[in-house]
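Chain by chain, the residues run as shown.
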Amino acid sequence: YGQLVRKLKGLFDTDSAMDIEYLGTRYDNNNNGDVTYKHEGRAGWSISDYVRVASKGSVTNPFYNASTFDFSNYMSTQSYASVDYVIINLSTNDYGRPITDVIADLNTMISSIKTFNSAIKVIVCLTEGVYRNKMEWDTRNTWYIELKKLMIATYDKREAEKIYVCPLYLNMDLYEDYNFTSVPLSSEDSTKTRLMTADGIHQNQAGFNKNANTMYYTIKYIESLG
């Protein structure tokens, strides 16, 4: 819903070295009508959705054309002449799929972007994982770890091709950076409370801000390469 882009824009607005324009058909609905926070994020969408469906949950996929992800068609349809960076911040919602299939779909997206212009810098974000209330390292987080390992093996050290990884997971606390709720300490003592994670999948604003910080410094690092 734009929380991450809002923070990212705030970081670049105070960065005199870079003048950023945001492209997209969606924007932050919590910014008093300011449509400069454009993006293409869609709640609940997976990489597979961007590659395979024309719409989901009444939300259109502007990248979908001729049964697949078509970046050139997107750029033409939106009347965008060029773009310098594409950040792919997906995969949390791909949980349960074979990780090789996730990489294959990512390759489809990246290939389509590079077909439009090989000079575009593509940043692949490495998912944070999710918080589990029982404090157990379950099969879901194990899946995310294995996916990150394969993403790193596939996309790291490809700067010459202008492909980069953004390690979101290194800057996230899987407890503190998610949404909390206050619950009684026990059924016999409702006067004392403790905080419990209410949503182990979606970050709180601090978590979104940390994501934006990591993206910001990834872009600044790429720019430093010349």
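It should be noted that the structure appears before, not after, this text.
Below is a short write-up of the structure. (Residues numbered from 1 in each chain as written. Predicted model: local features only at pLDDT ≥ 70, side-chain atom pairs only at ≥ 80, totals over all residues. Heavy atoms only, no water.)

**Some words on the overall build of the chain**
Thinking step 1. Counting its secondary structure elements, the chain contains six helices and eleven strands.
Thinking step 2. Compactness check: the chain gives a C-alpha radius of gyration of 19 Å against a globular reference of 17 Å for 226 residues, within 12% of the reference.
Thinking step 3. Counting only C-alpha atoms and orienting by the principal axes, one finds that the chain spans roughly 65 × 40 × 40 Å.
Thinking step 4. The buried share of the chain, taken over its 226 residues, is 43%.
Thinking step 5. Contacts in the chain between residues at least 24 apart in sequence constitute 62% of all its contacts with a sequence separation of at least 6.
Thinking step 6. Roughly 11900 Å² of accessible area belongs to the chain as shown, and the carbon and sulfur atoms make up 50% of that amount.
Thinking step 7. For the chain, the distance from the average position of its 23 positive side-chain charges to the average position of its 27 negative side-chain charges is 1 Å. (Helix = DSSP H or I, 4+ residues; strand = E, 2+ residues; numbered from the N terminus. Rg over C-alpha atoms; globule rule 2.2 N^0.38 Å. Buried < 20%, exposed > 50% of the residue type's maximum accessible area, 1.4 Å probe, protein only. Contact = heavy atoms within 4.5 Å. Areas by Shrake-Rupley, 256 points an atom, 1.4 Å probe, with all protein chains shown as cover. Lys, Arg positive; Asp, Glu negative; His and termini not counted. Charge placed at Lys NZ, Arg CZ, Asp CG, Glu CD.)

**Let's talk about the nonpolar core**
Thinking step 1. Of all hydrophobic cores here, the largest spans 31 residues; its most connected members are F71, I88 and Y155.
Thinking step 2. Among the secondary structure elements, those contributing two or more residues to this core are α2 (47-52), α3 (71-77), β7 (85-88), α4 (99-116), β8 (121-125), α5 (139-155) and β9 (163-166).
Thinking step 3. Examining the composition of this core, we find that six residues originate from one element, α4, more than from any other.
Thinking step 4. Every residue in contact with I88, bar those within four places of it in the chain, is listed here: L106, M109, I110, I113, V122, I123, V124 and C125.
Thinking step 5. Counting 20 residues, the second largest nonpolar core, distinct from the first, contains L4, Y22, C166 and A212. (Core = buried A, V, L, I, M, F, W, Y, C linked by side-chain atoms within 4.5 Å.)

**What about the sheet that holds β7?**
Thinking step 1. Taken together, three strands build an open sheet; the order of strands is β7-β8-β9 and the sheet is parallel. A single partner strand is all that each edge strand has here, and the edge strands are β7 and β9. Strand-to-strand, the axes of this sheet are offset by a mean angle of 25 degrees, without reference to chain direction.
Thinking step 2. Most of the contacts of helix α6 (residues 205-224) go to β8, to which it runs at about 145 degrees, and overall it touches β7, β8 and β9. (Pairing = 2+ DSSP bridges. Axes fitted to C-alpha atoms, helices over the stretch in contact; angles between N-to-C directions.)

**Side note on the environment of S48**
Thinking step 1. Mapped onto the elements of the fold, S48 is located in helix α2.
Thinking step 2. For the pair S48 and R97, spaced 49 residues apart in sequence, the C-alpha to C-alpha distance is 9.5 Å.
Thinking step 3. When neighbours within four sequence positions are excluded, S48 is seen to be in contact with V53, D94, R97 and D105.

**Re the packing of α4 against α5**
Thinking step 1. Between α4 and α5, whose axes approach to 10 Å, the crossing angle comes to 40 degrees. What the angle tells us is that α4 and α5 run oblique. For the pair α4 and α5, the sense of crossing is right-handed. Taken together, the residues of α5 that come into contact with α4 (itself represented by I99, T100, V102, I103, L106, N107 and I110) are W143, E146, L147, L150, M151, T154 and Y155.
Thinking step 2. Of the residues that constitute the contact of α4 with α5, the class distribution is ten nonpolar, three polar and one charged. (Parallel < 35°, antiparallel > 145°, perpendicular 65-115°, else oblique. Left-handed = near helix turned anticlockwise from the far one by under 90°. Nonpolar A, V, L, I, M, F, W, Y, C, P; charged D, E, K, R; others polar.)

**Details of the environment of I88**
Thinking step 1. When you line up the elements, I88 lands in strand β7.
Thinking step 2. Distance from I88 to A206, taken between C-alpha atoms, is 20 Å for residues 118 residues apart in sequence.

**A short note on the side chain of D15**
Thinking step 1. Counting through the fold element by element, D15 comes out in the loop between α1 (3-13) and β1 (26-27).
Thinking step 2. Only 2.9 Å separates the side chain of D15 from the side chain of K220, close enough to count as a polar contact.
Thinking step 3. Leaving out residues up to four positions away in the same chain, D15 has contacts with Y216 and K220. (Polar contact = N/O pair within 3.5 Å; in protein donor to acceptor, adjacent residues only side chain to side chain.)

**Concerning the packing of aromatic side chains**
Two aromatic rings are characterised by how far apart their centres lie and by the angle between their planes.
Thinking step 1. As enumerated under the stated definition, the model contains 13 aromatic pairs in all.
Thinking step 2. Here the aromatic rings of Y50 and F63 are separated by 6.2 Å at their centres, their planes lie at 55 degrees, and the arrangement is tilted. With a gap of 13 residues between them, Y50 in helix α2 and F63 in the loop between β4 (59-60) and β5 (64-65) connect regions that are remote in the sequence.
Thinking step 3. Chaining the aromatic ring pairs together yields one cluster made of W45, Y50, F63, F69, F71, Y74, Y80 and F116.
Thinking step 4. Across from the ring centre of Y37, 5.1 Å away, lies the NZ or CZ of K9, which sits over that ring. (Phe/Tyr/Trp six-rings, centres within 6.5 Å; stacked < 30°, edge-to-face > 60°. Lys NZ or Arg CZ within 6 Å of the ring centre and 35° of its normal.)

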